[in-house]
Amino acid sequence: MRLILLGPPGAGKGTQAKFLTERHGFAQLSTGDMLRAAVAARSPIGLQVKEIMDRGDLVSDDVVVRIVSERVDQPDCAKGFILDGFPRTVAQAEALDQMLERKGLKLDAVIEIAVDEGILLDRIIKRAEETEGGPRADDNADALAKRLSVYREQTQPLIDYYHGTGLLRSVDGMQSMGEVRSSVEMTLKEVA
Ligand code: AMP
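Residues numbered from 1 in each chain as written. Predicted model: local features only at pLDDT ≥ 70, side-chain atom pairs only at ≥ 80, totals over all residues. Heavy atoms only, no water.

Participant: Explanation requested: the sheet that holds strand β4 (residues 109-114) in the structure shown.
Facilitator: Strands pair in a sheet through their backbones, by hydrogen bonds, and they do so in one of two ways: parallel or antiparallel. Spatial strand order, β2-β3-β1-β4-β5: 5 strands in an open sheet with parallel pairing. The outermost strands of the open sheet, each flanked by one partner alone, are β2 (27-30) and β5 (168-172). Within the sheet, the average angular offset between the axes of one strand and its neighbour, ignoring direction, is 25 degrees. Bridge count between β4 and β5: 5 bridges; the pairing is parallel. Across the sheet, residue V110 finds its bridge partner in β5, namely L168. (Pairing = 2+ DSSP bridges. Helix = DSSP H or I, 4+ residues; strand = E, 2+ residues; numbered from the N terminus. Axes fitted to C-alpha atoms, helices over the stretch in contact; angles between N-to-C directions.)

So, in structure tokens, the structure goes:
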């Protein structure tokens, strides 16, 4: 099963991706995690993207497309994978289509975790407060506001993009974590 989890920062994509990994053995491909690892390792890519990430902007499509393409070839992706935080622009979605076609792979579903923006803002500000001084340099109010506006402008259009392909499914992300998990599992059964 090859899935995309779509939703704004704080919608719970990472949490749901982890559940799916534990339950089904799909690999979790979080571009945010991969980029943070590159920053921590001070690799050439890490040095290039650190400032961009810290202020909540998107790193270039080329960089993320390249790291996803390499990651998808790893053996642990054979059972399936969940893209968490990628694609984030229509250009990335188009590049993903071409990449998967070249590799002879197909997406099974794009699951949107739909959330109420006002409530979401409270939730992510709380997360910022809890992790103040923690591992994420972009979990401060300015960077979070920026990430939300970037989501609205650049990532939200993907909902229409995937609606057009017939792959889009939507779950109510305002339910409890466990209920969202059940809804995601139900969606997987429908597309299997
Ligand atoms: P995330 O952990 O998914 O919220 O990502 C954290 C940060 O990494 C984002 O704010 C971006 O700066 C960068 N990033 C992650 N995924 C992508 C992507 N697909 N395209 C561009 N930038 C990304």
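Don't stop here, the text continues.
Participant: So what exactly am I meant to see when it comes to the packing of helix α3 (residues 44-54) against helix α4 (residues 61-72) here?
Facilitator: Across the interface, α3 lies against α4 with an axial gap of 12 Å and an inter-helix angle of 135 degrees. Overall, the two elements α3 and α4 adopt an arrangement that is oblique. For the pair α3 and α4, the sense of crossing is left-handed. Contacts from I45, Q48 and V49 in α3 reach V63, R66 and I67 in α4. Among the residues forming the contact of α3 with α4, the class breakdown is 4 nonpolar, 1 polar and 1 charged. (Parallel < 35°, antiparallel > 145°, perpendicular 65-115°, else oblique. Left-handed = near helix turned anticlockwise from the far one by under 90°. Contact = heavy atoms within 4.5 Å. Nonpolar A, V, L, I, M, F, W, Y, C, P; charged D, E, K, R; others polar.)

Participant: Quick question: what am I supposed to make of the pattern of salt bridges here?
Facilitator: Two side chains of opposite charge can pair, provided their charged atoms sit close to one another. The final tally for this structure, using the stated rule, is 9 salt bridges. Between R36 and D33 there is a salt bridge, with its nearest N and O atoms 2.8 Å apart. Here R36 pairs with D33, and both are found in helix α2 (residues 31-40), just 3 residues apart, close to one helical turn. Looking at R36, the relative accessible area reads 24%, which means it is partly exposed. The partner of D54 in a salt bridge is K50, and the shortest N-O contact between them spans 2.5 Å. In this pair, D54 and K50 are both assigned in helix α3, 4 residues apart and thus about one turn of the helix distant. (Salt bridge = Lys/Arg side-chain N within 4 Å of Asp/Glu carboxyl O. Buried < 20%, exposed > 50% of the residue type's maximum accessible area, 1.4 Å probe, protein only.)

Participant: Any chance you could explain the site of the ligand here in plain terms?
Facilitator: Within the structure, the ligand sits among 16 residues, and T31, R36, D57, G85 and Q92 are positioned closest to it. Measuring from a nitrogen atom of the ligand, one finds a backbone N or O atom of V59 at 3.1 Å. Protein contacts shield 96% of the accessible area of the ligand, which totals 480 Å² for the unbound molecule. In terms of residue count, α2 provides more of the shell around the ligand than any other element does, 4 residues in total. Among the residues making up the shell around the ligand, the classes are represented as 6 nonpolar, 4 polar and 6 charged. (Near = heavy atom within 4 Å. Polar contact = N/O pair within 3.5 Å; in protein donor to acceptor, adjacent residues only side chain to side chain. Areas by Shrake-Rupley, 256 points an atom, 1.4 Å probe, with all protein chains shown as cover.)

Participant: Help me out: how do you make sense of the environment of Q28 in this one?
Facilitator: Relative to the assigned elements, Q28 resides in strand β2. Contacts of Q28, omitting those with residues within four sequence positions, involve G14, A17, K18, T21, I82 and D84. Within the local environment of Q28, its side chain forms a polar contact with the side chain of D84, the two groups lying 2.9 Å apart.

Participant: Please clarify how the packing of aromatic side chains should be interpreted in this entry.
Facilitator: For any pair of aromatic rings, the description rests on two quantities: the centre-to-centre distance and the angle between the ring planes. The tally for this structure, following the rule as stated, stands at 1 aromatic pair. Where Y161 meets Y162, the ring centres are 5.0 Å apart and the plane angle is 85 degrees; that geometry is what we call edge-to-face. By relative accessible area, which is 1% here, Y162 ends up buried. Above the face of the F19 ring, R181 is positioned so that its terminal group lies 4.0 Å from the ring centre. (Phe/Tyr/Trp six-rings, centres within 6.5 Å; stacked < 30°, edge-to-face > 60°. Lys NZ or Arg CZ within 6 Å of the ring centre and 35° of its normal.)

Participant: Looking at this structure, how should I read the side chain of R147?
Facilitator: Along the chain, the position of R147 falls in helix α7 (residues 141-155). Of note is the side chain of R147, whose polar atom sits 3.0 Å from the backbone oxygen of D138. Other than its neighbours up to four places away in sequence, R147 contacts P9, G56, R127, R136, D138 and D139.

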